[in-house]
Amino acid sequence: MEVDDPERSPPLLEQQCRETVTKVEVTQGLVERLLQGLDVQKATGPDNISPHVLKQCARKLAVPPHHSLLCLLTGKYLALSVERGPGSSRTQEELQFGFRPGPSTSDLLMLLTGRWQDALDGGLDSVVVALDIAGAFDRVWHGGLLEKLRAKGIQGDLLQLLGDYLQGRTLQVVVNGQASESLPVRASVPQDSVLGPVLWNIYVDDLLRQLPAVSAYADDCTLSCTYPRHESVRAAEEINQQLGVIQEWGTRWQVTFAPEKTQAMVVSRSPAAEPAVEGGLSFGGLPLELQEYVKILGVEVDRGLRFDRHVKHIALKASHRLDGIQRRALRLVEAAGAPAHPETPVDTLEHRRDVAALVVFHKAQVQGVPHLAGLRLPTRVTSRDTRTVSSSGDSVKVPRSLSSQHQRTFWGRVSRLWNGRLFQSVGPATSMERALVQVLCIGIYS
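A brief look at the structure comes next. What you are looking at is a predicted structure, and each value in this text was computed from that prediction instead of being measured.

Notes on the pattern of salt bridges
- With the rule as written, the count across this model stands at 15 salt bridges.
- Across the salt bridge formed by Asp125 and Arg229, the nearest N and O atoms sit 2.4 Å from each other. In this pair, Asp125 sits in strand β1 (residues 125–131) while Arg229 sits in the loop between β7 (220–227) and α10 (232–252), placing the two residues 104 residues apart along the sequence.
- Note that Glu238 and Arg234 form a salt bridge whose closest N and O atoms lie 2.8 Å from each other. Remark: Arg234 and Glu238 occur in helix α10; sequence separation between them is 4 residues, near one turn of the helix.
- Through salt bridges with shared partners, one network takes in Lys152, Asp205 and Arg209.

Considering the packing of helix α8 (residues 156–166) against helix α9 (residues 195–210)
- Where α8 contacts α9, the two axes come as close as 13 Å, and the packing angle between them is 110 degrees. With respect to α9, the axis of α8 lies roughly perpendicular. Considering how the two elements wind past one another, α8 and α9 form a crossing that is left-handed. Facing Leu162, Tyr165 and Leu166 of α8, the residues of α9 in contact are Leu195, Gly196 and Leu199.
- Taken together, the residues that form the contact of α8 with α9 break down as 5 nonpolar, 1 polar and no charged.

A short note on the pairing of strand β12 (residues 299–302)
- The side-chain alternation of β12 yields two buried faces, one formed by Val299 and Val301 and the other by Glu300 and Asp302.
- Inspection of the sheet shows strand β11 (residues 293–296) paired to β12 by 4 bridges, in the antiparallel sense. Across the sheet, the residue bridging to Ile296 is Val299, located in β12.
- Taking the residues between adjacent antiparallel strands as the criterion, β11 and β12 are bridged by 2 residues, where Leu297 takes a positive phi near 55 degrees.

How each quantity is defined
All residue numbers refer to position in the chain's written sequence, counted from 1. Given that the model is predicted, a residue must reach a pLDDT of at least 70 before its local features are reported, and side-chain atom pairs must reach 80 or more before they are shown or counted; all residues, however, enter totals for whole chains, interfaces and linings. Just so you know, side-chain values use all the structure's heavy atoms and leave hydrogens and water out. By definition, a salt bridge exists where a carboxyl oxygen of Asp or Glu is found within 4 Å of a side-chain nitrogen of Lys or Arg. Strands are runs of DSSP state E lasting at least two residues, helices are runs of H or I lasting at least four, and both sets are numbered from the N terminus onward. What counts as an axis is a line fitted to C-alpha atoms, over the stretch in contact for a helix, and the angles between N-to-C directions run from 0 to 180 degrees. Orientation categories follow fixed angle ranges, with anything under 35 degrees roughly parallel, anything over 145 roughly antiparallel, 65 to 115 roughly perpendicular, and all other angles oblique. Handedness of a helix crossing follows the sense of rotation of the near helix relative to the far helix, less than a right angle counterclockwise being left-handed and clockwise being right-handed. Here, two residues are considered to be in contact whenever any of their heavy atoms come within 4.5 Å of each other. Charged means Asp, Glu, Lys or Arg here, nonpolar means Ala, Val, Leu, Ile, Met, Phe, Trp, Tyr, Cys or Pro, and polar covers whatever is left, Gly included. Relative accessible area decides the class of each residue, using a 1.4 Å probe on protein chains only: under 20% of the type maximum gives buried, over 50% gives exposed, and in between gives partly exposed. Criterion used throughout: strands pair if DSSP finds at least two bridges between them.

Okay, here's the thing in structure tokens:
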């Protein structure tokens, strides 16, 4: 948990905003709101106080005599103050999907693979590079992080408090009651803390702003470039230029990337696409060998975007567990004397998948969730009513597909579901009726 030169003076950054935050004020109302917002599914802390107790007694515990709870809530409130500070960036909403309320790994995977599927259907190729950051959280340079906080408007007593939070930490290993020597922690942000993930997002925010082609989930970064076949050389040069920026950023801020663990792949249907790029990519002075698949957020993405390898792996893993579950379920049913086949039918996996897709699309299309902006589709205005779609403007344009594989992508499937099921009516639907359908559909299954 250290960097090469922890005492080095960090680069001086320009102030990113006029407003500054120098202190935090804790009020009784704030303490009560934070306690009311506790997740009761979380485990207890070192004090062994159940979050159920804290949430139920929020009003009593928020009274000033009980401000001993401040130590419990300081990290959470500091995290909110820093994350929503004056220098907060929209980049985090669009490109950083990790450690933020709302975005998920599935959201980022849908956006990335959706773009590559569109390119594939249009006859274009895509170079995909999955970056590996060595140590990630364990190699956050404290001096550099404090400078980035200062540039984002976190100054004065608050900046000093965050500096004290990071410094003076030690690490000790205990095995079977035997403790090792305490060693100083000269870099890193605590991973299991409330503040740690927020500070990590701030540390890499400027890199994401420099390179909009990079999408990140925590420390997993993915870089991609789409191009026509005859521009393969240009695409390789563009990727190399962006990798050079990443390497330069890492040197400047003492972040080490692992070129030997970095994966690269060409998404294409043509066997000629890979040789056109082979040998043209390099990172950190090492050539990047093209692979048949890369692993992104736990999913094995192959060059044809068919996911055969990943599905086979998951099916094999699930089958081992399913056998044991079925045997246990059968014993429980027999012991209870219940019928082997329940009267209430269970929803099929296809139905659940369709409902989940509609829920996500509703968040993007209707609620306007920022990080799902890439999933929105243009609306379609019809000149007359049809059996399935009213001329309300709520229907969307179905993306044109040149292959059956593209028709099965998120956009191709959900657009047809949206137009054919959500707004199905015999005659023109009123705005109230459409809203009721949306509420019922989303409310039941969300």
